[in-house]
Amino acid sequence: MNSEENSDKATILLMGLRRGGKSSICKVVFHNMQPLDTLYLESTSNPTMEHFSTLIDLAVMELPGQLNYFEPNYDSERLFKSVGALVYVIDSQDEYMNALTNFAIIVEYAYKVNPDINIEVLIHKVDGLSEDFKVDTQRDIMQRTGEELLELGLDGVQVSFYLTSIFDHSIYEAFSRIVQKLVPELPFLENMLDNLVQHSKIEKCFLFDINSKIYVSTDSSPVDIVTYETCAEFVDVTIDLHDLYKIQGKEDALAGSTGNKPPPEVKGVSALNNGVVIYLRQMIRGLALVALIRPDDTDVESCLTVVDYNVDIFKKGLEQVWAHARITSPEGK
Ligand SMILES: Nc1nc2c(ncn2[C@@H]2O[C@H](COP(=O)(O)OP(=O)(O)OP(=O)(O)O)[C@@H](O)[C@H]2O)c(=O)[nH]1
C-alpha cells in the first residue's frame, strides 16, 4: 500500500467482519453492479484500493474482514493516519456482538493515531428487517456501542450511524453524507446552491456525481429520501438517453459531418405528474445538477429560461473555483 500516493486524497477506509457486505457496497455504489449479483462475490483476502475523482480525489480502501490489523508487520499507524473517514460495516441480520467489540478496538486505535478521523457506522442489510425491528436494532447497536466506547474511556468520540442496504437508495444516501464531510468547500457550495434555489423557483437541488449517484452537495433544506430517489433515477434515465445520441454522434463523426464541435452538454427536463418540473444539467468533473422546480403560476417556459440563466452562472462559479484544483484520476471519472 503506497501511502505517499494517497496522502493528499480523502481516503475512506471500509472495515468490518467477514461477509458484512463491504465488497458488495463498493461494487454497487462505485461500479454499478446489480445488488443481486453480489451474492456470488468471493471473500476478499487482500486490502483493495479504488480511486474516484469528483469534486475531490477520493480513495476507498477495503480491508478484508479476516485481516489482523494489529499484527506487528502491518503498518496500521501509517494507514489510519492517512485516512479521512473510517466506515465500519455491521451486518444487522447476523449476531453483532463480536462486531461491536471489534469496532470499539479499532476506534480506540484509530482515534489515538488520528483524532480528526470521521467515524461512521453502517448498520447494513436492513432490507431483511421489519420497520419496528429496524428501529430496535439501531437503538440497540447505538446503545451498546456507546457502552463499549465508554468502557475504553472514549465516550467523547463522535460516531454517526446509518441504516443501509444495497437493495435501495439508503447506501447511496449514507455514502453521500460520508463523502460530503470530506469536501472542504462544502459550506461554500451549499451557499451557492441556496442562492440558486432562492432565485429560480427551485424546491430542492442536488449536485450529483454521475457515475456513483452520490450527491456531493445539496442546498440547506432537509433531504427527503423519496426526493433523492427521484433525482437519482432521473440521472440514470437522462444519461441512458444521452448515450443513445452519443452513438449517433460517433456515426456522424465517422461520416465527417461534426467537425471539431465539443461533445454536447448533457441536459434533461421532464414534467412530473404533481406539477413539478425535474431538470438536469451537466456540470464540471463528472457532476450533474438536478433540481426540482415548481413553476406555480408562472408559465413553464419562462421559468426554465430563468433557471437556465442562473444555472449558467452557477456552472461558471464552479469552473472558476475548481479551475486550479488538481484532478489526478487517470480514468478521469
Ligand atoms: N440482504 C442483503 N445482503 C447483502 C447486502 N449487502 C451485501 N449482502 C450480501 O452479503 C454477502 C457478503 O457480502 P460481501 O460484500 O462479500 O462481504 P464482505 O464484507 O466484503 O466480506 P469479506 O470479503 O469476507 O470481508 C453477499 O452474499 C452479499 O450479497 C444488503 O444490503 N442486504
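From a predicted model like this one, the values you see are computed outputs, not experimental measurements. (Residues numbered from 1 in each chain as written. Predicted model: local features only at pLDDT ≥ 70, side-chain atom pairs only at ≥ 80, totals over all residues. Heavy atoms only, no water.)

With respect to the confidence of the model for the protein chain
Next up, step 1: Counting all residues, the mean pLDDT for the protein chain is 82, and 84% of those residues have values of 70 or more.
Next up, step 2: Predicted confidence is poor over residues 1-7, with pLDDT under 50, and the contacts of this stretch with residues over four places away or in other chains come to 11 contacts.
Next up, step 3: Per-residue pLDDT stays below 50 along residues 327-333; that stretch engages in 14 contacts with residues further than four places along the chain or on separate chains.
Next up, step 4: Confidence estimates for the predicted assembly give a pTM of 0.84 and an ipTM of 0.97. (pLDDT = per-residue confidence, 0-100. Contact = heavy atoms within 4.5 Å.)

Some thoughts on the state of the cysteines
Next up, step 1: Scanning the model with the defined rule gives zero disulfides in all.
Next up, step 2: With no disulfide of its own, C205 lies closest to C231 among cysteine sulfurs, the gap being 9.0 Å.
Next up, step 3: C205 gets classed as buried once you look at its relative accessible area, which sits at 0%. (Disulfide = S-S within 2.5 Å. Buried < 20%, exposed > 50% of the residue type's maximum accessible area, 1.4 Å probe, protein only.)

What about the nonpolar core?
Next up, step 1: Core analysis: the largest hydrophobic core is formed by 44 residues, its most contacted members being I12, I25, L58, L122, F175 and F208.
Next up, step 2: Looking at which domains feed residues into this core, each of domain 1 (8-182) and domain 2 (186-332) gives three or more.
Next up, step 3: Here I12 is in contact with L58, A59, V60, M61, A85, V87, F175, I178, V179 and L182, once residues within four sequence places are set aside.
Next up, step 4: Judged by nonpolar contacts, the second largest core, of 32 residues, contains L79, I106, V121 and L154. (Core = buried A, V, L, I, M, F, W, Y, C linked by side-chain atoms within 4.5 Å. Domains from an automatic or database assignment.)

A word on the site of the ligand
Next up, step 1: Surrounding the ligand, one finds 21 residues, the nearest of these being S23, S24, S43, T44 and D127.
Next up, step 2: One nitrogen or oxygen atom from the main chain of I166 is found 2.9 Å from an oxygen atom belonging to the ligand.
Next up, step 3: Protein chains bury 92% of the 660 Å² of accessible surface belonging to the ligand in isolation.
Next up, step 4: With three residues, the single largest contributor to the shell around the ligand is helix 2 (residues 22-31). (Near = heavy atom within 4 Å. Polar contact = N/O pair within 3.5 Å; in protein donor to acceptor, adjacent residues only side chain to side chain. Areas by Shrake-Rupley, 256 points an atom, 1.4 Å probe, with all protein chains shown as cover. Helix = DSSP H or I, 4+ residues; strand = E, 2+ residues; numbered from the N terminus.)

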